[in-house]
Amino acid sequence: MNIQELIANAQKELDSAPLQHHAHTDESFEHCLKCTACTAVCPVTKVNPFYPGPKQSGPDGERLRLKSADFYDEALKYCLNCKRCEVACPSDVKIGDIIVRARNKHIDRQHKSAVHKLRDAILSNTDIMGSLNTPLAPIVNTITGLKATKFLLEKTIGVSKHRQLPKYAFGTFRNWYLKKMAAEQAKYNHKIAYYHGCYVNYNNPQLGKELIDVFNALDIGVVLLEKEKCCGLPLMVNSFPERAKKIAQFNTDYIEKMVDENGLDVIGEASSCTLNLRDEYHHILGIDNVKVRPHIHMVTPYLFKLFEQGKKLPLKPLKLRVAYHTACHVEKAGWAPYTLEVLKQIPELEIVMLPSQCCGIAGTYGFKAENYEKSQAIGKNLFENINAGGFDYVVSECQTCKWQIDMSSNVTCVHPITLLAMSLAR
């Protein structure tokens, strides 16, 4: 069975599930003051003269697109969905959301080749690719690491030859958990539910194990949702909105089941996934998640709350100098101060906060051959700061930022949970 057949089968599976439709309107563009604060902070406008900027693509363009679809500008594809425009906007205009919704609404106006559609489908369907590749991880990782493979991928489907594709784990986190940890975690009186996402499940199960170690050290058990899928963000930003909606409804239903039946909060460790589950399902896809939204939490703010309530981790000193990179969606959600306070619990850890900026990879965006040079130009200052800082590690809550920093600097990027796990006194 080839990849196109696998994607088609996955689509049929999702199409067979009922989808709840909820009307969603966003008239925040009417509040735009035309101050161009959004354009001033946009990482793309600095390196790409063909992108008109978030003001013109977002609120200005939306006024025109509502009059006629003929006003759709294909340059909207250059938007990273970093949301730094939304952070800068004094009027709380949801500029990034407006742009993503416009792209998903006007798919027929996009001149995307069949090859690039296939490329984007492969990059976006993380569960399919993970299920295919984890059983053969040693072989797959070797093959995708070859220069010949990278050259072939660029020439055929347009994945940049300069990128190292993420390595797959040999076996999934979920299978490991169900075999080794489920019974033990159920014994705890206090528990949280963990949305592990595709990155931990297929690429980095060790991070999920570290998260369990940290919560267990607080006498809190970690259980999994009965079922979950990729959060759907890659599908959403690559113009597969119907599939993204079905996945969003699927995840929301199982989160709601966990909340209703067990009364547990749902914790994510990946910043973009957690923001997507909590906010974007409604803002962009129109999913009614008002019931579960208060129960969805990013791990570091959740840990900060536990520490404020008197919980303490048994931490030993870590004599390390680390740089903290504020990922774009962390900046949008306001989670960075909580992460920094949590890391300050580690004795003797020196933390240097890097200037907040986009690293340039933006999920699948930076893996596309046509975006590679601009992606690297966006992150250039960040990489220079990292290389010049004498750091032992860079810290970020975003897995794609980790990939970019690992590929583009001389320092390894780790998750805050990894540092906490390293510091646990065992």
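The name given to the chain in an unreviewed UniProt entry is Glycerol 3-phosphate dehydrogenase (Quinone) subunit C, with Alitibacter langaaensis DSM 22999 as the source organism.

(A) Local environment of the side chain of Lys55. You can see Lys55 is positioned in helix H3 (residues 54–67). Apart from the residues lying within four places of it in its own chain, the contact partners of Lys55 are Cys32, Lys34, Thr36, Cys38, Thr39, Asp60 and Gly61.

(B) Layout of unusual backbone geometry. Here Lys83, not a glycine, exhibits a phi torsion of approximately 70 degrees, which is positive. Tracing the sequence through the fold places Lys83 in the loop between H3 and helix H4 (84–88). For Asp219, which is not a glycine, the phi torsion comes out positive at approximately 65 degrees. With respect to the helices and strands, Asp219 occurs in the loop between helix H13 (205–217) and strand E2 (221–224).

(C) Looking closely at the sheet that holds strand E7 (residues 393–395). What the 4 strands build is an open sheet, ordered E6-E5-E7-E8; its pairing is parallel. A single partner strand is all that each edge strand has here, and the edge strands are strand E6 (350–353) and strand E8 (413–414). Looking at chain direction, E7 and E8 are connected through 2 bridges and run parallel. Bridged to Val394 within E8 is Cys413. With respect to the sheet, helix H22 (residues 416–423) is in contact with strand E5 (321–324), E7 and E8, its orientation differing from that of E7 by roughly 125 degrees.

(D) Looking closely at the environment of Lys179. Considering the arrangement of structural elements, one finds Lys179 in helix H10 (residues 173–180). Given a relative accessible area of 72%, Lys179 falls into the exposed group.

(E) Quick peek at the nonpolar core. Within the largest apolar cluster, 100 residues are counted, with the highest numbers of intra-cluster contacts made by Phe215, Leu303, Leu419 and Leu420. Of the residues forming this core, the biggest block, 6 residues, is contributed by helix H15 (residues 241–262). Non-local contacts of Leu303, meaning those with residues more than four positions away in its chain, are made with Val214, Phe215, Leu218, Val342, Ile417 and Leu420.

(F) Spotlight on H22. Taken across its 8 residues, H22 has 7 buried, putting it largely inside the fold. Those residues of H22 that sit buried are Pro416, Ile417, Thr418, Leu419, Leu420, Ala421 and Ser423. Residues of H22 that are buried sit in contact with H13, helix H17 (299–308), E5, helix H19 (336–343), E7 and E8.

(G) Spotlight on the pattern of salt bridges. Per the stated rule, a full pass over the model turns up 27 salt bridges. Close ionic contact of Glu348 with Lys319 constitutes a salt bridge, the shortest N to O distance being 3.9 Å. Of this pair, Glu348 sits in the loop between H19 and E6 while Lys319 sits in the loop between H17 and E5, placing them 29 residues apart in sequence. Between Arg321 and Glu350 there is a salt bridge whose closest N-O contact spans 2.6 Å. With a gap of 29 residues between them, Arg321 in strand E5 and Glu350 in strand E6 connect regions that are remote in the sequence. On the basis of relative accessible area, Arg321 is assigned to the partly exposed category, the value being 26%.

Calculation criteria
Residues numbered from 1 in each chain as written. Predicted model: local features only at pLDDT ≥ 70, side-chain atom pairs only at ≥ 80, totals over all residues. Heavy atoms only, no water. Helix = DSSP H or I, 4+ residues; strand = E, 2+ residues; numbered from the N terminus. Contact = heavy atoms within 4.5 Å. Pairing = 2+ DSSP bridges. Axes fitted to C-alpha atoms, helices over the stretch in contact; angles between N-to-C directions. Buried < 20%, exposed > 50% of the residue type's maximum accessible area, 1.4 Å probe, protein only. Core = buried A, V, L, I, M, F, W, Y, C linked by side-chain atoms within 4.5 Å. Salt bridge = Lys/Arg side-chain N within 4 Å of Asp/Glu carboxyl O.

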